[in-house]
Structure formats: C-alpha cells, structure tokens
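# Summary of the model geometry
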Amino acid sequence: MNRSIRWLVMLVVVAGAGFGIWYNLPTEEKRIRKTIEGMARDATFTGGEGSLSRLAKVESLSSRFAVDAELHVDQVLPVESALSGRDAIKGLMMAAAPHLGAVDVQVHDVQVTLGGEGEARVSMTASAKTGGKRGDFTAQEFDLKMVRIEGKWLVRRLDAVAGFRKAEVR
Amino acid sequence: MSENNAASDIEPSRSWWRIVLIGVIGRSPRFTVIRILCYVVLAWGVFGYVLRPMRVAGISMEPTYKLNQVNFINRWSYRSSEPQRGDVVAVRMAGESVLYLKRIIGLPGERVVFHRGQVFINGEELPEPYVKNRAPWNDPEMELGPDEYFLVGDNRGMAARDHDHGAVRRSKIVGKVLL
C-alpha cells in the first residue's frame, strides 16, 4: 500500500513538473497569445481612469499593430471602407479613448495557426462589458493576420467576422 | 480520580470527530474515493460534452430569457433530428466560450422577410406568440441556402441594427437550449 502511494505521489510530481516545463516553454504560439491578451488589457478601461493613463494604453495598443496594418470592420459596423496604417488606427483610438466609460475587454477561444516565414493567422472572439445599468455585453469574432517583425508579433490585418449572413439590399 | 475526569473530558470530542470523519469519508474510505471519482467523471462527461452550462449576457432574447439567467445547452439535441422552427439554439463564434442565443424562424430553402416588424416565410405570415414588443423592422427578402437557418432573438422592441440576426450555417449551431 505504502509503495503504491509512493509511486502515485512520484507520478503526480513528475506529471506536474512536465506540465510546468511545457507551460513555461516560450513558443511562437504562446508569444502570439500573450500579444492578444495584452491587446485586451490595453483596451480595458476602468471608470475612474485618467486621460493620461488612457492615452498610454492607446499608445501601447497601437504599438501592437504593424506600420501598414489594416482594419476591416465594415462587415459589422456601418463604415464604408477599411482603416489603413498604424497612424490612422492610433488616431481613431486616441479620439475614442477619452469618451469611453468603463469597459472590460476579454478574448476567448484564441486559435493560432502558424504559417511560414514569420506569419500567423489568429481566430478569436472578443467580448466587451461596459458598466451600464444593465451590464451591457457585446461580443465579436475576429480573424487576424500577424507578422513577426524584429522578434515582435504585430497585427498586419484585422477582419471583423459577421456572425450572420444578411439579406442583400438591392 | 482526576485522571478519570480528564479522560471523560477527551472522550466526547473524540467521538464527535469520529462521527464527522465517518460522515465525510464514509465507513469505507476506498469506496468513498471510487464514488467521488465516478461522480467527477460523470459530471465531466455530462457538463463537458452533453449539457453545456451557460449564462445569458445580452437582452436580445428577452422576455423569454432574461439577463444573467442560467441555463443549459443540449449538444446532443440534433444528433438524430434536424433543428426545427421555434427552437431556441446556441450558435458558436470563434469557439464555444461565447455563444449567440437565438430562435430559429427560417428553415433551409425558405424565403424570409421582415415587413413592419412582422415575419413572412415564403410569403405567409409567421405567428410568433413569444414576441411581446415589435418595432417596425424592415429587412429585404432573403433566400436561405440548403444548409442555412434564419435566426433572430425574441426582443424585437429594440432597433434592428442593434440586434444580430440573419442566416447561419447548420455547422455553427451548437445545440438547443434545455429549459
């Protein structure tokens, strides 16, 4: 009995150590996941956050986009064209950040597909919970194309995926 | 005499612990461990693969399903049959952590149109007793593909642009809401 318990404990310790090593091993996929999680953190604002803190977060968020990044959200928002270039994206975020109330952004179901030559595709769902009276909640599916530039994974293209096919207006 | 008194002071607490110990781990610890393992495996199987717990986070299904209401999605509901009109179903996004909760109103191959808030299927008015408030939505006619279902929430009092609705492929439907 004692021997089997000893074996069981050893097995648990070895399995735990193996999991710990695997979990902390820096792979490209984990780096991409950290970038995505960092984007969600940067897009999260508390109600009492000052303008400087908000602008610092916007600066950090925009630094996660490549210089030639493109934002395609016309599938879900009433905008006519894509937003091109990191500066344009940053400008939009700078304009919006001071007017946002408390918003908690989280990412779910992040699926990373590594391609060749420092490229990767990411599929994920982002949710935003605002501090409204009814706890307003919204979620959106995104596809991202990411590139590794100077060892850092950056978003080159972000597409909002429409959850439902709409009727075509003739 | 004093030793006897001390012994009688200790005895009741020992028996109390014994009752608690038996209550917690049972008379046969080995059987209790096996029973707990069986419960864990059963719960993992049922709630991981068959009945997925969920909490309503939006208002698009009000008044049928209210904010923060807890429910389950039966992932096996469409293993032997196809989704039916009127079923409330969960639809996946990138994965299954966040799901849309909507009602099926249009079946594959049908033509769906919203006119002044009323739904017409293949030109016939659809009775919808579950809709309590109706804003005058106008959506152009849509013909569903052979693998598509038309989904919409019960809360039609809100603006159509704020309410996700439209056609989804069968493969995106995770299951039917249980309660």
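Conventions adopted
Residues numbered from 1 in each chain as written. Chains lettered and ligands numbered in written order. Predicted model: local features only at pLDDT ≥ 70, side-chain atom pairs only at ≥ 80, totals over all residues. Heavy atoms only, no water. Helix = DSSP H or I, 4+ residues; strand = E, 2+ residues; numbered from the N terminus. Contact = heavy atoms within 4.5 Å. Areas by Shrake-Rupley, 256 points an atom, 1.4 Å probe, with all protein chains shown as cover. Buried < 20%, exposed > 50% of the residue type's maximum accessible area, 1.4 Å probe, protein only. Lys, Arg positive; Asp, Glu negative; His and termini not counted. Charge placed at Lys NZ, Arg CZ, Asp CG, Glu CD. Core = buried A, V, L, I, M, F, W, Y, C linked by side-chain atoms within 4.5 Å. Pairing = 2+ DSSP bridges. Axes fitted to C-alpha atoms, helices over the stretch in contact; angles between N-to-C directions. 1 Å grid on protein atoms, 1.4 Å probe; cavity = no way out; pocket = protein on both sides within 12 Å on 5 of 7 lines; lining within 4 Å. Points joined across faces, edges and corners; volume = space filled by probe spheres on them. Nonpolar A, V, L, I, M, F, W, Y, C, P; charged D, E, K, R; others polar. Phe/Tyr/Trp six-rings, centres within 6.5 Å; stacked < 30°, edge-to-face > 60°. Domains from an automatic or database assignment. Patch = residues over 30% accessible without salt bridge, like charges linked within 9 Å, V, L, I, M, F, W, Y side chains within 5 Å. Salt bridge = Lys/Arg side-chain N within 4 Å of Asp/Glu carboxyl O.

## A closer look at the overall build of chain A
Helix and strand counts for chain A stand at 4 helices and 6 strands. Order of helices (α) and strands (β) in chain A, N terminus to C terminus: α-α-α-β-β-α-β-β-β-β. With respect to the three principal axes, the spread of C-alpha positions in chain A is 75 × 45 × 40 Å. Restricting the contact set of chain A to residue pairs at least 6 apart, pairs at least 24 apart contribute 49%. When the accessible surface of chain A is totalled, it reaches about 10900 Å², and 58% of it is carbon and sulfur.

## So, the overall build of chain B
The helix and strand inventory of chain B stands at 2 helices and 11 strands. Each helix and strand of chain B, ordered N terminal to C terminal, gives the series α-α-β-β-β-β-β-β-β-β-β-β-β. Dimensions of chain B, computed from the C-alpha atoms along their principal axes, are close to 95 × 35 × 25 Å. Counting over 179 residues, chain B shows a buried share of 40%. The contacts of chain B with a sequence gap of at least 6 include a subset with a gap of at least 24, amounting to 55%. Accessible surface, chain B: about 10800 Å² in total, of which carbon and sulfur atoms supply 57%. Each charge class in chain B was averaged separately, 24 positive and 19 negative side chains, and the resulting centres sit 6 Å apart.

## Considering the nonpolar core
Most often, soluble globular proteins have nonpolar side chains that are buried together. In this structure, Ile32(A), Ile36(A), Phe65(A), Val122(A), Leu144(A) and Met146(A) are the most contacted members of the largest nonpolar core, which totals 30 residues. Going through the elements one at a time, α2 (28-42), α3 (51-62), β1 (65-72), α4 (86-96), β3 (103-114), β4 (119-130), β5 (137-149) and β6 (152-161) of chain A are the ones with two or more residues in this core. Setting aside its immediate chain neighbours within four residues, Met146(A) contacts Ile32(A), Thr35(A), Ile36(A), Gly118(A), Glu119(A), Ala120(A), Val122(A), Trp153(A), Leu154(A), Val155(A) and Arg156(A). Core analysis: the second largest hydrophobic core is formed by 16 residues, Val112(B), Phe114(B), Trp137(B) and Val152(B) among them.

## Points about the sheet that holds strand β3 (residues 88-92) of chain B
Residue and element names in this part refer to chain B. The strand order β1-β2-β11-β3-β4-β9-β10 describes an open sheet built from 7 strands, whose pairing is antiparallel. Across the chains shown, the open sheet's two edge strands, defined by having one partner strand only, are β1 (51-55) and β10 (166-169). Direction aside, neighbouring strands of the sheet carry axes that sit 45° apart on average. In this structure, β1 lies alongside strand β2 (residues 70-74), joined through 5 bridges in antiparallel fashion. Looking at the pairing, Pro53 lines up with Phe72 of β2. Across the sheet, helix α2 (residues 29-50) is in contact with β1 and β2; its angle to β1 comes to roughly 65°.

## Remarks on the layout of surface pockets
Residues and elements named next belong to chain A. Considered as a void within the structure, the second largest pocket measures approximately 260 Å³ in volume. In terms of lining residues, the second largest pocket is bounded by Trp22, Tyr23, Asn24, Leu25, Pro26, Thr27, Lys30, Arg31, Arg33, Lys34 and Glu37. Of all the secondary structure elements, the ones that give two or more residues to the lining of the second largest pocket are α1 (2-24) and α2. The element contributing the most residues to the lining of the second largest pocket is α2, with 5 residues. A breakdown of the residues in the lining of the second largest pocket according to their chemical character gives 4 nonpolar, 2 polar and 5 charged.

## Quick look at the packing of aromatic side chains
By the definition in use, this model includes 8 aromatic pairs over all chains. Consider the rings of Phe19(A) and Tyr23(A), whose centres lie 5.8 Å apart with planes at 25°: the pair is stacked. Note that Phe19(A) and Tyr23(A) are positioned in helix α1 at a spacing of 4 residues, about one turn of the helix. Classification of Tyr23(A) by relative accessible area gives exposed; the value is 53%. Centroid distance Trp44(B) to Tyr49(B): 5.4 Å. Interplanar angle 85°. Geometry classified as edge-to-face.

## Side note on the domain arrangement of chain B
Examined at the domain level, chain B breaks down into domain 1 (2-48) and domain 2 (56-177). Between domain 1 of chain B and domain 2 of chain B, the C-alpha centre-to-centre distance is 50 Å.

## Description of the pairing of β5(A)
Residues and elements named next belong to chain A. Where β4 lies against β5, 11 bridges are found, and the strand directions are antiparallel. Note that in β5 the partner of Val122 across the bridge is Leu144. As paired strands, β5 and β6 are joined by 9 bridges and run antiparallel to one another. In the strand pairing of β6, Arg148 is matched with Trp153.

## Some thoughts on a nonpolar patch on the surface
Residues and elements named next belong to chain B. Together, Trp16, Trp17, Val20, Leu21, Val24 and Ile25 give the surface a local cluster of nonpolar side chains, amounting to about 640 Å² of exposed area. With respect to the secondary-structure elements, Val20 resides in helix α1 (residues 2-25). Look at Val20 and you get partly exposed, because its relative accessible area is 31%.

## A word on the pattern of salt bridges
Residues and elements named next belong to chain A. Tallied over the entire structure, the rule returns 20 salt bridges over all chains. Among the salt bridges present, the one from Glu29 reaches Arg33, with a minimum N-O distance of 3.1 Å. Within this pair, Glu29 and its partner Arg33 are both found in helix α2, separated by 4 residues, close to a single helical turn. Classification of Arg33 by relative accessible area gives partly exposed; the value is 27%. For Asp159, the salt bridge is made with Arg157, and the minimal N-O distance between the two is 2.7 Å. Each of Glu28, Arg31 and Arg148 takes part in one network of salt bridges that share partners.

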